[in-house]
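Structural overview for review
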Amino acid sequence: MGDSRPNSAFHSDNIKGSNTDLLVGALDVQAASAGVRRLREWAHRGVAARPGERALDVGAGTGSETQALAAAVGPAGDALGVEPNPGVRSAAERRAAEVGSRARFVDGDALALPVGDADVDVVWCERVFQHLAEPEKAATEIARVLRPGGRVALLDTDWATTILHPGEADVVAVLTGGALTAAANPYAGRKLAGQLAAVGLEIDDIGSQALIQDHRKVSWPIIRMLGEGAVRRDLITEGQRDRLYADLTVAAEQSALHMSVTMFGVIARRPA
């Protein structure tokens, strides 16, 4: 995996990986998102891991989906989570042990997966490609490790779908444009199907979910990060920033705030 930084409706991935507690907490908040839960449920139905199969979770994070895969493949199967962040990987191992899950976790990278050719039946890869400067290489690795008939669920965000309302159109455009600068591959979501098709995988299904923030509460750490950054770069004035903050505050008080970004998913398989 290129990075284990999470993404909620906006950039919770700006939490630095060196602070494991904050990172794990952000992953937990993100996992509780209704949109993420719905997209994950759709993706698990799509790959349909079966008893006795071998599953690989690329960028396992805290291991929730590795555990889900382990439950699906059962004691006769195997579920391996690849997670490069040692603190997050330790949290995943601890959580799996606490619930008696058979999920296992190892260090590794999306560009060089630690399994052999045609060695797994199911690959799960969620919010990894957006962090990769060369996501095509990760797609090649996924195709390499899948057995004939093997399935992959590839999920990722497209930061160009960021929406913020209300506010002056020009000011909002500057802030939402700033959301594109935090990821190495910010348009990841729209590219997933093409990247998997390019390495010879057959596309079974494509889905999406809007990840929507609470309409009654401004996510001030994220808004201020984007707003102050825009002021420092002379993209907006302090007065424009302050008016936007005031507009968002009033909107939240009236349950009229909207902040969202869309995550996409692709289900594909290696031809038998």
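Here's what I pulled together on the structure shown here. Everything numeric in this text was worked out from a predicted model, so none of it was measured.

Cut-offs applied
Residues numbered from 1 in each chain as written. Predicted model: local features only at pLDDT ≥ 70, side-chain atom pairs only at ≥ 80, totals over all residues. Heavy atoms only, no water. Helix = DSSP H or I, 4+ residues; strand = E, 2+ residues; numbered from the N terminus. Buried < 20%, exposed > 50% of the residue type's maximum accessible area, 1.4 Å probe, protein only. Phe/Tyr/Trp six-rings, centres within 6.5 Å; stacked < 30°, edge-to-face > 60°. Salt bridge = Lys/Arg side-chain N within 4 Å of Asp/Glu carboxyl O. Pairing = 2+ DSSP bridges. Axes fitted to C-alpha atoms, helices over the stretch in contact; angles between N-to-C directions. Core = buried A, V, L, I, M, F, W, Y, C linked by side-chain atoms within 4.5 Å. Contact = heavy atoms within 4.5 Å.

**Details of the environment of Gly-227**
Within the secondary structure layout, Gly-227 lies in helix H8 (residues 220-232). The buried category is assigned to Gly-227, whose relative accessible area is 1%. Once the C-alpha coordinates of Gly-227 and Ala-60 are considered, the two residues, 167 residues apart in sequence, prove to be 32 Å apart.

**Some details on the packing of aromatic side chains**
Evaluated as defined, the whole model comprises 1 aromatic pair. Plain terms: the ring middles of Trp-220 and Tyr-245 are 5.4 Å apart, the flat faces sit at 80° to each other, and that makes the pair edge-to-face. With Trp-220 in helix H8 and Tyr-245 in helix H9 (residues 238-253), this residue pair connects regions lying 25 residues apart in the sequence. Taking the relative accessible area as the measure of exposure, Trp-220 reaches 21% and is therefore partly exposed.

**Quick notes on the pattern of salt bridges**
When charged atoms on two side chains of opposite charge get close, those side chains can pair. Evaluated as defined, the whole model comprises 21 salt bridges. Of the charged contacts in the structure, one is a salt bridge between Glu-141 and Arg-144, with a shortest N-O distance of 2.7 Å. Of this pair, Glu-141 and Arg-144 both sit in helix H5 (residues 135-145), 3 residues apart, which is roughly one turn of that helix. Accessibility expressed as a relative area gives 11% for Glu-141, which makes it buried. Judged by relative accessible area, which is 24%, Arg-144 ranks as partly exposed. Overlapping salt bridges bring together Arg-54, Asp-78, Arg-104, Asp-119, Asp-121 and Arg-147 as one network.

**Considerations on the sheet that holds strand E6 (residues 202-212)**
The strand order across the open sheet formed by 7 strands is E3-E2-E1-E4-E5-E7-E6, and the pairing between neighbours is mixed. Across the chains shown, the open sheet's two edge strands, defined by having one partner strand only, are strand E3 (104-106) and E6. Taking each pair of neighbouring strands and ignoring which way they run, the sheet shows an average axis angle of 20°. Pairing of E6 with strand E7 (residues 258-269), which is carried by 10 bridges, proceeds in the antiparallel orientation. Looking at the pairing, Asp-205 lines up with Ile-267 of E7.

**Things to note about the nonpolar core**
Among the nonpolar cores identified, the biggest contains 28 residues, and Leu-56, Val-123, Phe-129, Ile-142, Val-152, Leu-196 and Leu-201 are the most heavily contacted of them. At the level of elements, strand E1 (54-58), strand E2 (78-82), strand E4 (120-126), H5, strand E5 (146-165), helix H7 (188-198) and E7 are the ones that each hand at least two residues to this core. When sequence neighbours within four positions are dropped, the list of residues in contact with Leu-201 reads Ile-142, Ala-143, Leu-146, Val-152, Leu-196, Ala-268, Arg-269 and Arg-270. Ala-49, Leu-69, Ala-96 and Val-122 belong to the second largest nonpolar core, which has 26 residues in total.

Note that all results are geometric; they support no functional claim without further evidence.
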